[in-house]
Amino acid sequence: MKILIDGRVLTHLKITGVENHAINIIDNLKEKIDVSVAIPKYKNKYYTHFWEHVILPFRALRYDILFCPSNIAPIFLPKKVKLIVTLHDLSFKDFSQMYSKIFRKYYEFVIPKILKRADKVITISNFSYKRIIKEYPFVQNKIDFIYHGKNHTFYHDKNVKKENYILYVGSLNDTKNFSSVIKAFALIDSQKYNLKMVMPTSSNFEIDSEKKQLLNRAKQNQNIEIVDYLPQEKLVEVYQKAKLFVFPSYHESFGFPVLEAMACGTPVISSYTTSLPEVGGDAVVYCDPYDIEDIKEKIKLVLDDEELPKHMIKEGLKRAKIFSWEKSAQEYILVFKEVLE
């Protein structure tokens, strides 16, 4: 079983969910089976996509399987090579306003062709599984989902003392609903609770003028600390010390931040949308992301109850153990064997 893995996104400087998945699944597969990873020589994004469609297919000729873990795969691939592709979601369709016209057109052109060519399609949650089938019914007989895993670097330290701050982790784009976190926090009596809010974040997308103004006002608020994305070791510490993690995202194909917060022993408030209940299960207090008053009330519910946070921490730690990259890798190996058979 000779397998080549497409490592195109390993050239990316910013680590989002797609890159996180690729890094971890590749590392765990390397520990279990003999795989080769192909990485573009140059980091220029236009070159990497040229490499994907022109150079990678020739590299793949020497292998039985080409595994593309990051949405895109070569449009044309020799028939002798089996193709497995992981399509994380359809955000280019569901939230098209967040992407450039060129990006949208590119994905709209290549994704159907890739799905038709693929011998097996994997996605990352039951929500994405159903959404992809709805959009592309022809994949129904060759698609499945495999959950992400939890990074070992996110862990619970009983010796770390909680501090009086609410935590939000996510990029500044409309799907993450960062604006509702800020608005809900503004409705809480921060003096009564002696409460602050910490927001490690960055922006890969354009936001409208109203949200820019909201963000600028938040930066002037001494009770709100907005910082650039933190290195992982620092982010773990911020998770561990947080009194409460709030994540009222509109749309998640998986939801890494919820899993990370639970693994670090922090109570989680999350929206009950898309894939998030699959990750949070019964360990999370859920809110309506479209209702700022509800987000505020759920925050107060957890803050006002001494026993509830303890219960959420206990259940969250149990829940986080369900998700592991070792398990994900084993499930991918079964897919590889199935495709070759």
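Structure first, text after, so check above.
In this report, the structure presented in the accompanying data block is examined. (Residues numbered from 1 in each chain as written. Predicted model: local features only at pLDDT ≥ 70, side-chain atom pairs only at ≥ 80, totals over all residues. Heavy atoms only, no water.)

## Concerning the overall build of the protein chain
Turning to step 1, where the next piece is worked out: Scanning the protein chain from N- to C-terminus turns up 14 helices and 12 strands.
Turning to step 2, where the next piece is worked out: On C-alpha atoms alone, the protein chain measures out to a radius of gyration of 21 Å, which is about the 20 Å that the 2.2 N^0.38 rule sets for 341 residues.
Turning to step 3, where the next piece is worked out: Principal-axis analysis of the C-alpha atoms gives the protein chain an extent of 65 × 40 × 35 Å.
Turning to step 4, where the next piece is worked out: Put simply, the protein chain has 341 residues, and 55% of those count as buried.
Turning to step 5, where the next piece is worked out: Taking contacts inside the protein chain between residues at least 6 apart in sequence as the whole, the part at least 24 apart equals 69%.
Turning to step 6, where the next piece is worked out: In the form shown here, the protein chain has an accessible surface area of approximately 16300 Å², with 51% of it arising from carbon and sulfur atoms. (Helix = DSSP H or I, 4+ residues; strand = E, 2+ residues; numbered from the N terminus. Rg over C-alpha atoms; globule rule 2.2 N^0.38 Å. Buried < 20%, exposed > 50% of the residue type's maximum accessible area, 1.4 Å probe, protein only. Contact = heavy atoms within 4.5 Å. Areas by Shrake-Rupley, 256 points an atom, 1.4 Å probe, with all protein chains shown as cover.)

## Some words on helix α10 (residues 256–263)
Turning to step 1, where the next piece is worked out: Counting buried positions over the eight residues of α10 gives eight, a clear majority of the element.
Turning to step 2, where the next piece is worked out: Of all the residues in α10, the buried ones are Phe-256, Pro-257, Val-258, Leu-259, Glu-260, Ala-261, Met-262 and Ala-263.

## Considering the sheet that holds strand β6 (residues 143–145)
Turning to step 1, where the next piece is worked out: Here we have six strands laid out as an open sheet, ordered β2-β1-β3-β4-β5-β6, and parallel in their pairing. Either end of the sheet is taken by a strand with one partner, and the two such strands are β2 (35–38) and β6. On average, each strand axis in the sheet is tilted by 20 degrees relative to the strand beside it, whichever way the strands run.
Turning to step 2, where the next piece is worked out: One ladder, built from three bridges, connects strand β5 (residues 120–123) with β6; its direction is parallel. Its bridge partner being in β6, Ile-122 is matched across the sheet by Asp-144.
Turning to step 3, where the next piece is worked out: Against the sheet, helix α1 (residues 17–32) contacts β1 (3–6), β2, β3 (65–68) and β4 (82–86), and its axis sits at roughly 150 degrees relative to β2. (Pairing = 2+ DSSP bridges. Axes fitted to C-alpha atoms, helices over the stretch in contact; angles between N-to-C directions.)

## Focus: the layout of surface pockets
Over the atoms a probe the size of a water molecule is rolled, and this reveals where empty space is left.
Turning to step 1, where the next piece is worked out: Estimates place the volume of the second largest pocket at around 220 Å³.
Turning to step 2, where the next piece is worked out: Contributing to the lining of the second largest pocket are Lys-162, Lys-243, Leu-244, Pro-267, Val-302, Leu-303, Asp-305, Glu-306, Pro-309, Lys-310 and Ile-313.
Turning to step 3, where the next piece is worked out: For the lining of the second largest pocket, the element with the most residues is helix α13 (residues 307–320), which contributes three residues.
Turning to step 4, where the next piece is worked out: Of the residues that constitute the lining of the second largest pocket, the class distribution is six nonpolar, no polar and five charged. (1 Å grid on protein atoms, 1.4 Å probe; cavity = no way out; pocket = protein on both sides within 12 Å on 5 of 7 lines; lining within 4 Å. Points joined across faces, edges and corners; volume = space filled by probe spheres on them. Nonpolar A, V, L, I, M, F, W, Y, C, P; charged D, E, K, R; others polar.)

## Some points on the side chain of His-251
Turning to step 1, where the next piece is worked out: Tracing the backbone shows His-251 in the loop between β10 (244–247) and α10.
Turning to step 2, where the next piece is worked out: On the accessibility criterion, His-251 (10% relative accessible area) is buried.

## Observations regarding the packing of helix α6 (residues 178–186) against helix α12 (residues 292–303)
Turning to step 1, where the next piece is worked out: Axis separation between α6 and α12 bottoms out at 9 Å; the angle between their running directions is 60 degrees. By the angle class used here, α6 and α12 are oblique. Relative to α12, the crossing made by α6 is right-handed. Touching Ser-180, Lys-183 and Ala-184 of α6 are Ile-292, Ile-295 and Lys-296, all from α12.
Turning to step 2, where the next piece is worked out: A breakdown of the residues in the contact of α6 with α12 according to their chemical character gives three nonpolar, one polar and two charged. (Parallel < 35°, antiparallel > 145°, perpendicular 65-115°, else oblique. Left-handed = near helix turned anticlockwise from the far one by under 90°.)

## Structural notes on the packing of α1 against helix α14 (residues 325–340)
Turning to step 1, where the next piece is worked out: The N-to-C vectors of α1 and α14 enclose an angle of 70 degrees; their axes lie 9 Å apart at closest approach. Considered as vectors, α1 and α14 are oriented roughly perpendicular to each other. Here Asn-20, His-21, Asn-24, Ile-25, Asn-28, Leu-29 and Lys-32 of α1 come into contact with α14, specifically with Trp-325, Glu-326, Ser-328, Ala-329, Gln-330, Tyr-332, Ile-333 and Phe-336.

## Description of the sheet that holds strand β8 (residues 196–201)
Turning to step 1, where the next piece is worked out: With parallel pairing, six strands are arranged side by side in an open sheet as β9-β8-β7-β10-β11-β12. Strand pairing shows two members of the sheet lacking a second neighbour, β9 (224–228) and β12 (285–287), which therefore form its edges. Pairwise comparison of adjacent strand axes, ignoring direction, gives a mean angle of 25 degrees for this sheet.
Turning to step 2, where the next piece is worked out: Where α6 meets the sheet, its contacts fall on β7 (165–167), β8 and β9, and the angle it forms with β8 comes to roughly 170 degrees.

By themselves these figures say nothing about function.
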